[in-house]
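Structural features, examined
Residues per chain are reported as follows:
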Amino acid sequence: MRPTILAIESSCDETSASVISNGKVLINIVASQSVHQKYGGVVPELASRAHQQKIVSVVEDALTQSNVRLEDLDAVAFTRGPGLMGALLVGVSFAKGLAMARNIPLIEVNHMQAHILAHFIDEQKPSFPFLCLTVSGGHTQLVIVRNYLDMEIIGETQDDAVGEAFDKAAKIMGLPYPGGPLIDRYAASGNPRRFSFPGADMPGLHFSFSGIKTAFLYFIRDEKQKDPAFVEKNLNDICASLQSKLVSMLMNRLQQASRQTGITEIAIAGGVSANSQLRHALKETGVKLGWKTFIPAFEHCTDNAAMIAMAAHYKYLAGVFVDQTVAPVPNLAL
Ligand code: KG4
Ligand code: ZN
């Protein structure tokens, strides 16, 4: 079954390898790096070291568990960016070495494009053109997806990403990294109307999350001055109120983008698309406005190589390859 491609993802803090054959993902191995937890964020130097330590065993596991031999591979794919330079270098160098040794083509993949193409792993696939809200730790983008490799950003954050807002708010409350999933969990039993936070009014379809982050910092500081145990006593309500504001900021823009473009097939992608309130809000709004909505499986929301493999499959079919001079690009544009 062709093409059979090994894909590697190493842009941030997950070392991941996947094998795809004839468009079907056979395996997706993800090794998360727990070393960053105590620092409240990803430490780039530690991330690249951990990738270096894990990459060989992650690739070996992917090949063994998919029953694919090195000789069966038609190409090797890797994340070229966006991401952390030292982290990307591990995956790019590994892929180059393997491509050279096996004399097979190399495929570079844009990490943000791959988050969107994760929708083609599952059975229910969107049709073109569709709108995708890509929300991760480093990006918040509204994208018109015209084809597998033809995408246009129509709105994006002008400062922090929404995932960053989740993670920084969690850090302010003394929660470990990554804080997004924890806020999601505490919010489930909290009152979203208890506290209110200011949104930002950006032009067009753009976003801004730095204002809410600063407002949150001062809010917690002031409340803790009155009662040092404020966060512990009100954790669920604080998380529910903050999350509800962030989700409504995202959903408002998504509705505006759909009205402006007339597109009613709507998808979400990226780490924050694992958020239960965002998933629920998309479904609910979809029913109300007659949208066809697409929500990725949990394992394809946060960073993984299956999405890199899916993107690589379409690039292979389109004959888009790179040579051995390719280098990582930390701020690679969509
Ligand atoms: O896509 P991703 O794995 O990595 C990047 O490309 O950045 O996204 C990671 C981000 C982190 O900010 C993390 O806190 C957030 O996704 N995240 C969540 C949830 N799960 C992951 N944010 C809110 N709710 C979640 N359930
Ligand atoms: Zn990502």
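The present account deals with the structure reproduced in this document. (Residues numbered from 1 in each chain as written. Chains lettered and ligands numbered in written order. Predicted model: local features only at pLDDT ≥ 70, side-chain atom pairs only at ≥ 80, totals over all residues. Heavy atoms only, no water.)

1. Observations regarding the pattern of salt bridges
Taken as a whole and judged by the stated rule, the model has 13 salt bridges. When the shortest N-O distance is used, the salt bridge between Glu 164 and Lys 168 registers 3.1 Å. Taken as a pair, Glu 164 and Lys 168 lie in helix α4 (residues 162–172) at a separation of four residues, close to a single helical turn. The salt bridge partner of Arg 194 is Asp 237, with a shortest N-O separation of 2.6 Å. Of this pair, Arg 194 sits in the loop between α5 (180–187) and α6 (210–226) while Asp 237 sits in helix α7 (residues 230–261), placing them 43 residues apart in sequence. On the basis of relative accessible area, Arg 194 is assigned to the partly exposed category, the value being 38%. Members of the salt-bridge network, linked through shared partners, are Arg 69, Glu 71 and Asp 72. (Salt bridge = Lys/Arg side-chain N within 4 Å of Asp/Glu carboxyl O. Helix = DSSP H or I, 4+ residues; strand = E, 2+ residues; numbered from the N terminus. Buried < 20%, exposed > 50% of the residue type's maximum accessible area, 1.4 Å probe, protein only.)

2. Quick word on the side chain of His 115
Among the structural elements, His 115 can be located in helix α3 (residues 111–117). Note on His 115: relative accessible area 1%, which makes it buried. At a separation of 3.5 Å, a polar atom in the side chain of His 115 contacts the main-chain carbonyl oxygen of Cys 301. Other than its neighbours up to four places away in sequence, His 115 contacts Thr 134, Ala 269, Gly 270, Gly 271, Cys 301, Thr 302, Asp 303 and Met 307. (Polar contact = N/O pair within 3.5 Å; in protein donor to acceptor, adjacent residues only side chain to side chain. Contact = heavy atoms within 4.5 Å.)

3. Considering the sheet that holds strand β4 (residues 75–81)
Consider a sheet: its strands pair through backbone hydrogen bonds, and that pairing is either parallel or antiparallel. The strand order across the open sheet formed by five strands is β3-β2-β1-β4-β5, and the pairing between neighbours is mixed. Taken across any chain shown, the strands that pair with only one partner, and hence form the sheet edges, are β3 (24–32) and β5 (106–110). Going from strand to strand, the sheet's axes swing by 20° on average, the running direction of each strand aside. Running at roughly 25° to strand β2 (residues 14–21), helix α1 (residues 44–66) makes contact with β1 (4–9), β2 and β3 of the sheet. Relative to the sheet, helix α2 (residues 85–102) contacts β1, β4 and β5, its axis offset from that of β4 by approximately 160°. (Pairing = 2+ DSSP bridges. Axes fitted to C-alpha atoms, helices over the stretch in contact; angles between N-to-C directions.)

4. Here's the deal with the packing of aromatic side chains
The full count for this structure, using the stated rule, is 15 aromatic pairs. With 6.1 Å between their ring centres and 80° between their planes, Phe 120 and Tyr 314 make a pair best called edge-to-face. In this pair, Phe 120 sits in the loop between α3 and β6 (130–135) while Tyr 314 sits in helix α9 (residues 305–318), placing the two residues 194 residues apart along the sequence. Note on Phe 120: relative accessible area 3%, which makes it buried. Owing to a relative accessible area of 12%, Tyr 314 belongs among the buried residues under this scheme. Between Tyr 316 and Phe 321, the aromatic rings sit 5.5 Å apart at their centres with planes inclined by 85°, giving edge-to-face as the arrangement. On the basis of relative accessible area, Phe 321 is assigned to the partly exposed category, the value being 35%. (Phe/Tyr/Trp six-rings, centres within 6.5 Å; stacked < 30°, edge-to-face > 60°.)

5. Brief notes about the site of ligand 1
Neighbouring ligand 1 are 17 residues, the closest being Gly 137, Asp 167, Asp 184, Asn 275 and Asp 303. Contacts to ligand 1 include Asp 184, whose side-chain N or O atom sits 2.9 Å from a nitrogen atom. Within the backbone of Asp 303, an N or O atom sits 3.0 Å from an oxygen atom of ligand 1. When the free accessible area of ligand 1 is taken as 550 Å², the share hidden by the protein chains comes to 91%. Broken down by element, the residue count for the shell around ligand 1 peaks at three residues, all from α5. Split into classes, the residues belonging to the shell around ligand 1 amount to four nonpolar, ten polar and three charged. Each of domain 1 (4–116 + 301–317) and domain 2 (126–295) contributes no fewer than three residues to the shell around ligand 1. (Near = heavy atom within 4 Å. Areas by Shrake-Rupley, 256 points an atom, 1.4 Å probe, with all protein chains shown as cover. Nonpolar A, V, L, I, M, F, W, Y, C, P; charged D, E, K, R; others polar. Domains from an automatic or database assignment.)

6. Structural notes on the coordination of the zinc ion (ligand 2)
Within the protein, the atoms that donate to the zinc ion (ligand 2) are His 111 (NE2), His 115 (NE2) and Asp 303 (OD), at distances of 2.0 to 2.1 Å. Mapping the donors of the zinc ion (ligand 2) onto the primary sequence gives the spacing H-x3-H-x187-D. Residue His 115 is located in helix α3, and its partner Asp 303 is located in the loop between β10 (292–294) and α9; the two are separated by 188 residues in the primary sequence. Exposure class is identical for His 115 and Asp 303. Each is buried. (Donors = N, O, S within 2.8 Å, 3.2 Å for Na, K, Ca; no water.)

7. What about the nonpolar core?
Judged by nonpolar contacts, the single largest core of 46 residues is most densely connected at Met 173, Phe 209 and Leu 246. Those elements that place two or more of their residues in this core are β6, β7 (140–147), α4, α5, α6, α7, β9 (265–269) and α8 (276–289). The element that contributes the greatest number of residues to this core is α7, accounting for 14 residues. With sequence-adjacent residues up to four places away left out, Phe 209 is seen in contact with Thr 140, Thr 157, Asp 159, Asp 160, Ala 161, Val 162, Ala 165, Leu 246, Met 249 and Leu 250. (Core = buried A, V, L, I, M, F, W, Y, C linked by side-chain atoms within 4.5 Å.)

8. Some words on the side chain of His 36
Structurally, His 36 can be placed in the loop between β3 and α1. Separated by 2.7 Å, the side chains of His 36 and Gln 33 make a polar contact. With residues near it in sequence (within four places) discarded, His 36 still touches Asp 13, Gly 41, Val 42, Val 43, Leu 46, Ala 47 and Tyr 177.

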